[in-house]
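Coordinate inspection notes
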Amino acid sequence: MIHSLFLINSSSDIFLEKHWKSVISRSVCDYFFEVQEKAGEAENVPPVIHAGHHYLINIYREKIFFVSVIQSEVPPLFVIEFLHHVAETFQDYFGECSESAIKDNVVIVYELLEEMLDNGFPLATESNILKELIKPPNILRSVVNSITGSCNVGETLPTGQLSTIPWRRAGVKYTNNEAYFDVVEEIDAILDKTGSVVFAEIQGVIDACVNLTGMPDLTLSFMNPRLLDDVSFHPCVRFKRWESERVLSFIPPDGNFRLLSYHVSAQNLVAIPIYVKQNISFFETGSSGRLDITVGPKQTMGKTVEAVFVTINMPKVVLSANLTATQGNYTYNPVTKTLVWDIGKLSQQKLPNLKGSLTLQCGAPKPEESPSLNIDLKIQQLAISGLKVNRLDMYGEKYKPFKGVKYVSKAGKFQVRT
Amino acid sequence: MLDSNKDSLKLEAMKRIVAMIARGKNASDLFPAVVKNVACKNIEVKKLVYVYLVRYAEEQQDLALLSISTFQRGLKDPNQLIRASALRVLSSIRVTIIVPIMMLAIKEAASDMSPYVRKTAAHAIPKLYSLDPEQKDQLIEVIEKLLADKTTLVAGSVVMAFEEVCPERIDLIHKNYRKLCNLLIDVEEWGQVVIINMLTRYARTQFLNPNVNVKSDLIKSNPLGEKAFYGSDDEEGKEEKAEAAALAKRKPYVMDPDHRLLLRNTKPLLQSRNAAVVMAVAQLYFHLAPKAEVGVIAKALVRLMRSHSEVQYVVLQNVATMTIKRRGMFEPYLKSFYIRSTDPTQIKILKLEVLTNLANETNISTILREFQTYIKSMDKDFVAATIQAIGRCATNIGEVRDTCLNGLVQLLSNRDELVVAESVVVIKKLLQMQPEQHSDIIKHMAKLTDNIQVPMARASILWLIGEYCEHVPKIAPDVLRKMAKTFTNEEDIVKLQIINLAAKLYLTNSKQTKLLTQYVLNLAKYDQNYDIRDRARFIRQLIVPTDKSGALSKYAKKLFLALKPAPVLESPFKDRDHFQLGSLSHLLNAKAGGYQELPDWPETAPDPSVRNVEVPEWTKCSSREKRKEKKVEKPFYSDSEEESGPTESADSESDSASGSGSGSESEESGSGSESEESREESESEQEDKEDEEDKRKKKKKTDRGKVKAPAVESPERFFFIFSRFRFLILEVQRLASDSCSLRTSCRRWHKKTIAPSGSVKTYELLHRITGEGLGVEYCFSRQPFSPDAHMVAVQIMFTNNTNAETKNLHVEDPKLQSGMRIKEFPEIELLPPGEMVTVVMGIDFCDSTQAANFQLCTHIRKFFVSIQPPVGELMMPVFMTENEFKKEQGQLMGMNEISEKLTLGEKCQNEHGIVQRVTSAANVSRVPCGSDKECRFAGKTVSSGILVLVTVATKEERAAQLTVNCEKMVIGTMLVKDILQALTQ
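Residues numbered from 1 in each chain as written. Chains lettered and ligands numbered in written order. Predicted model: local features only at pLDDT ≥ 70, side-chain atom pairs only at ≥ 80, totals over all residues. Heavy atoms only, no water.

A tally of helices and strands in chain B yields 44 helices and 15 strands. Counting all 985 residues of chain B, 54% fall into the buried class. Excluding contacts between residues fewer than 6 apart, the proportion of contacts in chain B whose partners are at least 24 apart in sequence is 67%. In the structure as shown, chain B presents an accessible area of about 45,000 Å², 51% of it carried by carbon and sulfur atoms. (Helix = DSSP H or I, 4+ residues; strand = E, 2+ residues; numbered from the N terminus. Buried < 20%, exposed > 50% of the residue type's maximum accessible area, 1.4 Å probe, protein only. Contact = heavy atoms within 4.5 Å. Areas by Shrake-Rupley, 256 points an atom, 1.4 Å probe, with all protein chains shown as cover.)

Next up, the structure:
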């Protein structure tokens, strides 16, 4: 399976290597560098590279390439999923998955990698088990450790690995018993020039933060479960009950986890919360262009639309922009050619507008391509699909937990074509 | 710092070393200093030493051996996690010398009682295999054993080991197939992927193709792409006829229930959060499911498109392959493949591929509109790919060919050269299909030669003009003239086309172009590139008539202006599905090392009964028991040939046989309890046996002598033989009850049981005063309870001390702990005054010392009574040799071992005394033993058949140590207490 792992930063330095079988020389990464150079941008590096006797499967996260070396047939998704899992574990442990964090905690990283894979096959990947084996670093502990000389490897041997519910450890205790659920929905949409919807769908997740004592057994039910078209669960959810009763029944992991992700399709159901009128044109002569964008709220169900951003990737020939915004402010980065307009809250009365002229490179022909608008927005207290949690019940424990549900809608990949 | 005795300093040093390893620096010089710390108490230091050791052991083999003993000790640790980690590190050390040690450790761990240790054993198998492939056969045995494991923890790992070591041994799966299917949903994610992939292959060899009947429909419903391949209609007809013939031969398809089981059990996994699992299920459905059911995977795959771009990349690759075969599946999700300007280029191109594959008459207009917006994109590679995609749509769907062509021609006026060039190439391909109608497009393109600089496009235009020079007779020579002027500055590919053009024009229109051609050929003659020089020489010979030129030049025109077939624009993903989807090989479209071909469906299904699992009873028992059972089925030890394999057991057999031979002598002392019939039966059996025994005697005369002599003399030997004898009768009894009708033998057993021997302790069930004259006592007869082997036989003696008759004695209303069962004795109709009657009832105590409560009823009264067994009565003797004993004991180490030091009581200082005390405290049998310092006993619990091993080791004076090994700790501890009491009194 996975033979070795190399971590490579953006300046092509291999700053960490780990081998699970016999050692493979780091020169194998030369194949990778070759491909990387050819691909140009980091995101265009193909995830699977054939390198002589080996295969390199890589992912790109937080400006780091995780390059794993494979010697024989293995499902590529298996490796990719695992590498992402490694990155997420680092994130979980160190708060960020950056090069400096990994370098600072190289010993813990090594211990983690050692536990996660045995002979290249995943062994312990549940974060609960890992945290029992290897305690995450924090400032207090590092101070204590340096004084007392104790270590951050757990003294107790993990029991979770042996239990039938590996995601939860035994003997959890809290003084405040709380369970919070965040319903987060993202709208993916493509609008065409005239503002009509080409494609729209809603992707949602329910992230949970559960701090409950003992072994609670939770049941979460929805007012309108039929909305959910396609779902994928955390392994703790009992699939049978979902199939038969459309309720989520589960023994939750301790702490933060993603309970469910779902998909709401059927185009007519998707309410697009804003509309955009735009006009970007370039003149044949005079090396200039004009830009005029108006954004307004639409179908927001009485909630305000907040944190609205409009991002435009301009053609390369655009040198600068001279615009006026009636609300918010704009910046134009002439290096990356991106125009960002930070609008803030949308109000019904006064529609924000951005208007002005663009300066093009002298002598360059009028650009053929038309830039598209990427829009970011947020609506609090609303799940745009209309999904509502009905109730949360707990069995198996005596106390009464504090329960809370929060709804947020965001723009996912929301794009307006021009 | 490593030599320091402070752990914190050692830790600091190890951390630095590990950081060095992580950066890829060589730290091998420190090996001796580090290895010393392998036995360090601090866990973190230990772990870091392990990391170091695994990394460098290969380079420093000799020194690495120093650490092995630590791990060997760890393998025997009572803590399962320590055992597991010891095995894990031991197997990770790649030193060939320790292969035998590893093999031994793996074998032992494979039968460990902790599933976690067994999982580690499964992990260790591929490691050992890669170190020494010659161990394969032995490893396969271990794999076979582990495959039979029932825990989810082990399943994934062992299938992984199976795939690495012996993927060709598909026969090992048969018996475990259904179990794997049922466990699948509870296995951890990574294991699921491996199991699903393996089961896909398995199913391909074992089941019939569910789509045989629909295949012909598929061809009909999919005429667009398909037609091109069956060049002529005849062929297609033939194909269909063959199909029909095949259909006629076949019976209507019925899906194997096991096939259905697999599909049913994998379906929920489409909901997994792990993309790899979803993909694995998707490929399983794609390869195995009937056509109508494959659709379910589309939704899940579309969902994966939301994930990281790497995941998208792989999923799209697979979707692209699927869309070629099963277009309908993804049609409803067409819009999910629309492209955003923020997608990475490689994702865009793959989405484009999928969109192109999905295009058909109904949706082509929306797709083309979508394509139009893509052409305006800033990403030039993507635009080029879009133009090609348009070309492919145009070739596949005849209706839109003209629209596409017009659109492409418009692109020719695009400012971007790349776009134009790509359009030219695509137009060229399209024009080849119907050149007659499009001479104006060719003219338009001819004009472009002045502007376009991209060599491929220029070459394409020149080729087009040459090919269709008859349609543009006026322009062609002019183009050639221009080209001749710039010939020296052109790229090679263009030069070749110029020569081609010249030759073609020479043949069709030699008047105008003769000189130009000569000129071009002369230029080419002195070109730097030999290809061009060759081509020029060849063409000159061919077209310019000279004296020497042979027959070929006559046909020059035919050669150059032959009608060329139009190119087929097809997807690069066509036919990729001969690789298993989701595999690395599929992604690379090349066979990766270790790839297992997906076998074709078999013509006829192999025997499905191979997957039938034996009667579940046997799977519960340990393999040891199974073996014994087999022996019983055989006519008693009939051929010594077969027994000769394990000499050890053969010996013990002759032992027991000799015991039975001398049984008649021992009768008075103990076994008077046997019923007449059963003894007769057993004797008849014995006689048969004795004949054989005689034969054997001749063979093993010397052995016999040794065995028999002490058998009579030493008391404990005698005891041993006695217990042996009892066991034998027991076996015979079972045999009898097997062969003749069960019920009759049972009844006989009930009636004829006689009071047990005096050594057996009796307990009071009902005092005669509380029982109003009815006194009831019970004892544990230590006989097997024949109606149900899992029950303990309790002998109950009723005494009627009154003057009246007691009638209708029976049991009523038992109140039992869960799992416990009771088999009542037959009702006693009449008990005359002063008489005594004995009955036997069976109770399954479920291996606990919980009391069984029930009511004892007479015709007038009810009494509440309860029977509580001493722990020693919950077991029955097991006979094993010393070696077997040691082996079993080795597997019951750790938490399962309880030992206690004691001082022996006065009366049991010799061996005989100990044996007597122990056997009276617990129903176990003596195990022969070489040393006289130790007495060993073995038994198993009646209800669940768990082994109980007792060892009493005597030391100086009266000190001794008692050890009990038993998987059930409660039983172990209680037994220790009881025996301790018996021995110290």
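In terms of regular secondary structure, chain A is built from seven helices and 23 strands. Burial status across chain A gives 57% buried among its 418 residues. Intrachain contacts of chain A at a sequence separation of at least 6 include 68% that bridge at least 24 residues. Carbon and sulfur atoms form 51% of the exposed surface of chain A, whose accessible area is close to 17,700 Å².

Moving on, we come to the pairing of strand S2 (residues 774–784) of chain B. All names here are of chain B. Taking burial as the measure, the 11 residues of S2 include nine buried ones, the bulk of the element. Pairing between strand S1 (residues 762–766) and S2: four bridges, direction antiparallel. Directly across from Glu-764, in S2, lies its bridge partner Glu-777. Bridge count for S2 against strand S3 (residues 792–800) is eight bridges, and the pairing is antiparallel. Residue pairing across strands places Tyr-778 opposite Ile-796, the latter belonging to S3. (Pairing = 2+ DSSP bridges.)

Another aspect to go through is the interface of chain A and chain B. The interface is formed by 93 residues belonging to chain A together with 88 residues belonging to chain B. Around 7,900 Å² of area is buried between chain A and chain B when both sides are counted, 57% of it from carbon and sulfur atoms. In this assembly, chain A and chain B are joined by eight salt bridges. Salt-bridge contacts for Glu370(B) lead to Arg417(A); the nearest nitrogen and oxygen are separated by 2.7 Å. One can count 31 residue pairs in polar contact (both at pLDDT 80 or more) joining chain A with chain B. (Buried area = accessible area lost by both parts, 1.4 Å probe. Salt bridge = Lys/Arg side-chain N within 4 Å of Asp/Glu carboxyl O. Polar contact = N/O pair within 3.5 Å; in protein donor to acceptor, adjacent residues only side chain to side chain.)

So, on to the side chain of Asp132(B). Residues and elements named next belong to chain B. Tracing the chain through its elements places Asp-132 in the loop between helix H7 (115–131) and helix H8 (136–147). Buried charge without a salt bridge: Asp-132, with Lys-107 as the nearest opposite-charge side chain at an N-O distance of 12 Å. Polar side-chain contacts of Asp-132 include one of 3.1 Å to the side chain of Gln-135. (Lys, Arg positive; Asp, Glu negative; His and termini not counted.)

Before going further, it helps to spend a moment on the environment of Asn801(B). All names here are of chain B. Inspection of the secondary structure assignment puts Asn-801 in the loop between S3 and strand S4 (806–815). Sequence separation between Asn-801 and Pro-833 is 32 residues, and the spatial gap between their C-alpha atoms is 6.2 Å. When sequence neighbours within four positions are dropped, the list of residues in contact with Asn-801 reads Arg-768, Gly-773 and Gly-775.

All names here are of chain A. In this structure, Lys-337 is a non-glycine residue whose phi angle is positive, near 60 degrees. Of note, Lys-337 is situated in the loop between strand S18 (329–333) and strand S19 (338–344). Despite not being glycine, Gln-381 has its phi angle at roughly 60 degrees, a positive value. With respect to the element layout, Gln-381 can be found in the loop between strand S21 (373–380) and strand S22 (389–395). According to the relative accessible area criterion, Gln-381 is partly exposed, its value standing at 47%.

The next thing to look at is the sheet that holds strand S12 (residues 247–250) of chain A. Residue and element names in this part refer to chain A. As summarised here, the arrangement of the three strands in space is S12-S10-S22, forming an open sheet in which the pairing is antiparallel. Each end of this open sheet is capped by a strand with a single partner; those strands are S12 and S22. The average angle at which neighbouring strand axes cross in this sheet is 15 degrees, direction not considered. As judged from the six bridges shared by strand S10 (residues 217–222) and S22, these two strands associate in the antiparallel manner. Looking across to S22, one finds that Thr-219 is bridged to Asp-393. (Axes fitted to C-alpha atoms, helices over the stretch in contact; angles between N-to-C directions.)

For chain A, per-residue confidence averages 83 on the pLDDT scale, and 92% of positions sit at 70 or higher. In the model of chain A, helix H6 (residues 139–148) of chain A stands out as the element of lowest mean pLDDT, 56, in contrast to strand S5 (residues 64–70) of chain A, which has the highest, 91. (pLDDT = per-residue confidence, 0-100.)

For the structure on display, the rule yields 24 aromatic pairs over all chains. Judged by centre distance (5.7 Å) and plane angle (70 degrees), the ring pair of Phe233(A) and Trp242(A) falls under edge-to-face. A single burial state applies to Phe233(A) and to Trp242(A), both of which are buried. Ring-pair connections join several aromatic residues into one group, and the members of that group are Phe32(A), Phe33(A), Tyr60(A) and Phe65(A). The aromatic ring of Tyr56(B) is capped on one face by Arg55(B), whose charged end is 4.5 Å from the ring centroid. If you follow Arg326(B) out to its NZ or CZ, it ends over the ring of Phe286(B), 5.2 Å from the centre. (Phe/Tyr/Trp six-rings, centres within 6.5 Å; stacked < 30°, edge-to-face > 60°. Lys NZ or Arg CZ within 6 Å of the ring centre and 35° of its normal.)

The next thing to look at is the nonpolar core. One finds Phe66(A) and Phe90(A) to be the most contacted residues of the largest nonpolar core, which totals 260 residues. With 12 residues, helix H16 (residues 275–288) of chain B is the largest single contributor of residues to this core. Leaving out residues up to four positions away in the same chain, Phe66(A) has contacts with Leu5(A), Phe6(A), Leu7(A), Ile57(A), Asn58(A), Ile59(A), Arg61(A), Leu83(A), Val86(A), Ala87(A), Phe90(A) and Cys97(A). (Core = buried A, V, L, I, M, F, W, Y, C linked by side-chain atoms within 4.5 Å.)

Turning to the sheet that holds S1(B), a few remarks are in order. All names here are of chain B. The strand order across the open sheet formed by five strands is S1-S2-S3-S7-S5, and the pairing between neighbours is antiparallel. The sheet is open, and its two borders are formed by S1 and strand S5 (821–823), each paired with just one other strand. Taken over all neighbouring pairs, the strand axes of this sheet differ in orientation by 30 degrees on average, direction set aside.

So, about the packing of helix H29 (residues 510–525) of chain B against helix H30 (residues 530–543) of chain B. Residues and elements named next belong to chain B. Between H29 and H30, whose axes approach to 8 Å, the crossing angle comes to 145 degrees. In this structure, H29 crosses over H30, and the sense of that crossing is left-handed. Here H29 contributes Thr-517, Gln-518, Leu-521, Asn-522, Ala-524 and Lys-525 to the contact with H30, which in turn contributes Ile-532, Arg-533, Ala-536, Ile-539, Arg-540 and Ile-543. In terms of residue class, the contact of H29 with H30 is made up of six nonpolar, three polar and three charged. (Left-handed = near helix turned anticlockwise from the far one by under 90°. Nonpolar A, V, L, I, M, F, W, Y, C, P; charged D, E, K, R; others polar.)

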